[in-house]
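Listed here are the chains, written in short residue letters.
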Amino acid sequence: MAIASVEESALAERLRNFRRHLHQHPELSLEEVQTTASIVEFLKDSGIEVLSSNLPTGTFALVRGKRPGPCVAIRTDIDALPIVEQTGLPYASTIEGKMHACGHDFHTASVLGAAWLAQQWADSEESFAGSILFVFQPAEEVGAGAKQVVASGVLQEQGVRCIFGEHNNPLLERGYIGVKSGPLMGSVDDFRIVVRGTGGHAAIPQTSVDPILVAAHLVTGLQSLVSRNVSPLHSAVVTVGQLHAGTARNIIPEEAVLEGTVRTLQPENRDLLEERLKTLAFSTAAAFGASAEVDYERQLPVTESDEAMAAIVREAAQHVVGVDAVVEAMPTLGGEDFSIYAEHLPSCFFWVGTGKPDGSSRGWHHPQFDVDEAQMLVASKIFVEAARRALVHFSK
Ligand code: NI
């Protein structure tokens with residue numbers, strides 16, 4: 001699996017060019033048609049087998065070793081966001097209102113690099129037993145893509161035993177890799193509460209039931225869920241992001257609508273928060289003589305890494321960047337649909353540090369978000385090294 005330095009710099013340049021091309025031509029979730037075509041072109045140009053896929057966007061590639069054995073998977077997301085780019089980069093988005101502001105272009109290029117390295121390895125004298133599936137997953141930003149990939153059946157067809165994924169992280173200094181077993185990213189659940197009162201004249205409140213007053217109590221009460229019901233040693237967030245009610249200053253309206261999101265890092269708090277939120281909504285409304293209707297939608301589970309898979313990625317990363325550059329990953333309550341795979345397979349999701357040493361890097365989804373392209377090939381190498389170790393692990 002050794003790579004000559006001349007080949008390495010050619011690959012690094014190819015990945016940079018590929019990433020910049022994607023960066024200039026971002027496509028939103030479920031619209032990744034040109035992106036998919038570019039990925040397929042790169043794979044075919046590299047002599048890598050592209051599997052036929054029943055997905056509208058996204059694709060799969062397979063690198064087979066010379067001997068039969070287990071299959072392990074590596075996944076990237078490929079979609080962009082509806083954001084107007086303000087980086088001023090020479091290769092900034094050419095599509096108004098769309099931007100790779102989460103670095104999925106970085107992920108895609110680095111996983112293509114991993115596929116290229118794996119193919120060289122497969123074709124070499126010291127080829128391996130087994131196969132590596134590369135998943136170029138669409139629609140991460142809307143939480144739809146991983147579900148599509150699982151439903152496509154490709155993981156069962158190939159007999160995939162485990163899956164690895166990455167996210168660039170501007171909060172982690174470039175050169176560092178963050179790995180941890182257990183929870184890394186939050187669950188994502190959305191809620192909508194409709195408070196129904198009785199409308200009337202603002203000056204004659206005794207004949208009405210004011211849903212705005214109920215909603216105001218609810219906004220305050222909802223903030224007690226985390227502070228009073230979740231262990232202070234755990235992490236969770238309840239945010240009301242929208243509150244709509246009323247049409248005029250002298251009318252008590254019929255209803256008020258609150259919408260928000262609930263995030264947890266410990267799966268056991270998910271049921272607790274849903275139950276408490278509903279109880280609080282119903283009983284607060286009832287206390288004021290109103291009623292409440294709650295739609296609570298579970299979107300994504302907690303992204304958790306399996307202990308054995310995290311150990312494999314940690315050792316692989318230490319092998320590539322050195323022991324001192326691999327740190328315990330700092331969790332976030334942002335959500336990630338990689339969690340869907342983790343429900344089906346042992347997995348590990350890890351951070352690739354892309355932050356500037358002075359800490360001035362913009363965060364995910366910011367119009368001036370940028371990555372450190374030099375880390376793409378580092379990630380490629382970690383993926384292939386982790387796959388190598390996982391193939392051995394599952395051959396035992
Ligand atoms: Ni992302």
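Quantities reported herein were computed from a predicted structural model and do not represent experimental measurements. By convention here, each chain's residues receive numbers from 1 onward along its written sequence. Given that this is a predicted model, residues contribute local features only at a pLDDT of at least 70 and side-chain atom pairs are listed and counted only at 80 or more, while totals for whole chains, interfaces and linings are drawn from all residues. As a rule here, side-chain values cover all heavy atoms of the structure and leave hydrogens and water aside.

Observations regarding the coordination of the nickel ion
Each angle at a metal carrying four tetrahedral donors should ideally be 109.5 degrees, and each at a metal carrying six octahedral donors should ideally be 90 or 180 degrees.
And then number 1: Water is not among the atoms examined, so metal sites may look incomplete; donors are the N, O and S atoms within 2.8 Å of the metal, or within 3.2 Å for Na, K and Ca. Looking at the nickel ion, the protein donor atoms are C102 (SG), H104 (NE2) and H167 (NE2), and they sit 2.1 to 2.3 Å from it.
And then number 2: Between consecutive donor residues of the nickel ion, the sequence gaps follow C-x1-H-x62-H. Taken together, the residues span a long stretch of sequence, with H104 in helix α3 (residues 104-123) and H167 in strand β5 (residues 160-173) at a distance of 63 residues.
And then number 3: Relative accessibility decides the category of a residue: with a 1.4 Å probe and only protein chains considered, values under 20% of the type maximum give buried, values over 50% give exposed, and everything between is partly exposed. Assessed through its relative accessible area of 0%, H104 is described here as buried.
And then number 4: The class for H167 is buried, based on a relative accessible area of 3%. Working definition: helices are DSSP H or I runs of at least four residues, strands are E runs of at least two. Numbering for both runs from the N terminus.

Some remarks on the domain arrangement of the chain
And then number 1: Boundaries between domains were set according to an automatic or database domain assignment. Here the domain parsing of the chain yields domain 1 (5-186 + 302-395) and domain 2 (188-300).
And then number 2: Between domain 1 and domain 2, the C-alpha centre-to-centre distance is 38 Å.
And then number 3: If you look at the interface, domain 1 gives 17 residues, while domain 2 gives eleven residues.
And then number 4: By convention, the term buried area covers the 1.4 Å-probe accessible surface removed from two parts as they join, with the contributions of both added. Both sides of the domain 1 and domain 2 interface together cover about 940 Å² of buried area, and 69% of this is carbon and sulfur.
And then number 5: Of all residues in domain 1, the largest losses of buried area upon contact with domain 2 belong to G186, V302 and L333, amounting jointly to 53% of the total for that side.
And then number 6: Think of a salt bridge as a Lys or Arg side-chain nitrogen and an Asp or Glu carboxyl oxygen that are within 4 Å of each other. Counting every contact that joins domain 1 to domain 2 gives zero salt bridges. The contact criterion used is simple: two residues touch if any of their non-hydrogen atoms lie within 4.5 Å.

Observations concerning the layout of surface pockets
And then number 1: By volume, the largest pocket is sized at about 360 Å³.
And then number 2: Listed by contribution, the elements that provide at least two residues to the lining of the largest pocket are β8 (187-196) and β13 (291-300).
And then number 3: When the residues that make up the lining of the largest pocket are grouped by side-chain class, the tally is six nonpolar, six polar and six charged.
And then number 4: Here the lining of the largest pocket spans two domains, since at least three of its residues come from each of domain 1 (5-186 + 302-395) and domain 2 (188-300). Space inside and on the surface of the protein is sampled on a 1 Å grid over the protein atoms alone, with a cavity defined as a set of points where a 1.4 Å probe fits but cannot get out and a pocket as an open set with protein on both sides within 12 Å along at least 5 of 7 lines; lining residues have an atom within 4 Å of a point. Grid points are joined across faces, edges and corners, and a volume is the space filled by probe spheres set on the points. Each residue gets one label: Ala, Val, Leu, Ile, Met, Phe, Trp, Tyr, Cys and Pro are nonpolar, Asp, Glu, Lys and Arg are charged, and the others, such as Gly, are polar.

Here we look at helix α4 (residues 145-152)
And then number 1: Those residues of α4 not exposed but buried are G145, A146, V149, V150 and S152. Considered in projection along α4, the buried side chains sweep an arc of 160 degrees and stay on one side of the axis.
And then number 2: Buried residues belonging to α4 abut β2 (59-64), β4 (129-137), α5 (154-157) and α9 (339-342).
And then number 3: Among the residues trailing α4, G153 stands out with phi positive, at a value near 85 degrees. The directions from the helix axis to the C-beta atoms are what the arc is built from.

Let's talk about the nonpolar core
And then number 1: Residues enter a nonpolar core if they are buried and are Ala, Val, Leu, Ile, Met, Phe, Trp, Tyr or Cys, with the set joined through side-chain atoms within 4.5 Å. Within the largest apolar cluster, 61 residues are counted, with the highest numbers of intra-cluster contacts made by I132, F134, F136, F164 and I177.
And then number 2: Contacts of I132, omitting those with residues within four sequence positions, involve A61, L62, V63, V72, I74, A118, W121, A387 and L391.
And then number 3: If you look at the next biggest cluster of nonpolar residues, it comprises 27 residues, including F60, V149, F338 and I340.

Here's the deal with the pattern of salt bridges
And then number 1: One pass over the structure, following the stated rule, counts 20 salt bridges.
And then number 2: E373 is the salt-bridge partner of R19, the closest N and O atoms lying 3.0 Å from each other. One end of the pair, R19, is in helix α1 (residues 5-24); the other, E373, is in the loop between β16 (347-355) and α10 (375-395), and 354 residues separate them in sequence. Across the pair, exposure class does not vary: R19 and E373 are buried alike.
And then number 3: Put simply, R64 and E49 hold a salt bridge, and the shortest N to O gap is 2.9 Å. In this pair, R64 is assigned in strand β2 and E49 in strand β1 (residues 49-51), connecting sequence segments 15 residues apart.
And then number 4: What you see here is one network of salt bridges that share partners, running through R19, R20, D105, D370 and E373.

Here's the deal with the side chain of S305
And then number 1: Along the chain, S305 turns up in strand β14 (residues 303-305).
And then number 2: Overall, the relative accessible area of 7% leaves S305 in the buried class.
And then number 3: Polar contacts, as used here, are pairs of N or O atoms within 3.5 Å; protein pairs need one atom able to donate a hydrogen and one able to accept it. Residues neighboring in sequence count only if both atoms are side-chain atoms. Looking at S305, its side chain comes within polar contact range of the main-chain nitrogen of F349, at 3.0 Å.
And then number 4: Other than its neighbours up to four places away in sequence, S305 contacts K180, S181, G182, A310, S347, C348 and F349.

Section: the state of the cysteines
And then number 1: Pairs of cysteine sulfur atoms within 2.5 Å are identified as disulfides in what follows. Counted according to the given criterion, the structure contains zero disulfides.
And then number 2: A disulfide-free cysteine, C162 has its sulfur positioned 8.7 Å from the sulfur of C71, the nearest such atom.
And then number 3: Looking at C162, the relative accessible area reads 0%, which means it is buried.
And then number 4: With no disulfide of its own, C348 lies closest to C162 among cysteine sulfurs, the gap being 9.8 Å.

Structural notes on the packing of α1 against α10
And then number 1: What counts as an axis is a line fitted to C-alpha atoms, over the stretch in contact for a helix, and the angles between N-to-C directions run from 0 to 180 degrees. Where α1 meets α10, the axes come as close as 9 Å, and the angle between the chain directions of the two elements is 115 degrees. When the axes of α1 and α10 are compared, the pair comes out roughly perpendicular. As α1 packs across α10, the resulting crossing turns out to be right-handed. Two secondary-structure elements touch here, α1 through E8, L11, A12, L15, R16 and R19 and α10 through M376, L377, S380 and K381.
And then number 2: Tallied by class, the residues present in the contact of α1 with α10 amount to five nonpolar, one polar and four charged. Orientation labels follow simple angle bins: below 35 degrees gives roughly parallel, above 145 gives roughly antiparallel, 65 to 115 gives roughly perpendicular, and whatever is left gives oblique. Whether a crossing is left-handed or right-handed is set by the direction in which the near helix is turned from the far one by less than a right angle, anticlockwise for left-handed and clockwise for right-handed.

As for the packing of aromatic side chains
And then number 1: Classification of ring pairs uses Phe, Tyr and Trp, with its six-membered ring standing for Trp, and accepts pairs whose centres are within 6.5 Å; under 30 degrees between planes counts as stacked, over 60 as edge-to-face, and the remaining range as tilted. Per the stated rule, a full pass over the model turns up seven aromatic pairs.
And then number 2: Where F338 meets Y341, the ring centres are 5.6 Å apart and the plane angle is 55 degrees; that geometry is what we call tilted. Like Y341, F338 is buried.
And then number 3: Members of the aromatic cluster, joined through ring pairs, are F338, Y341, F349, W351 and W364.

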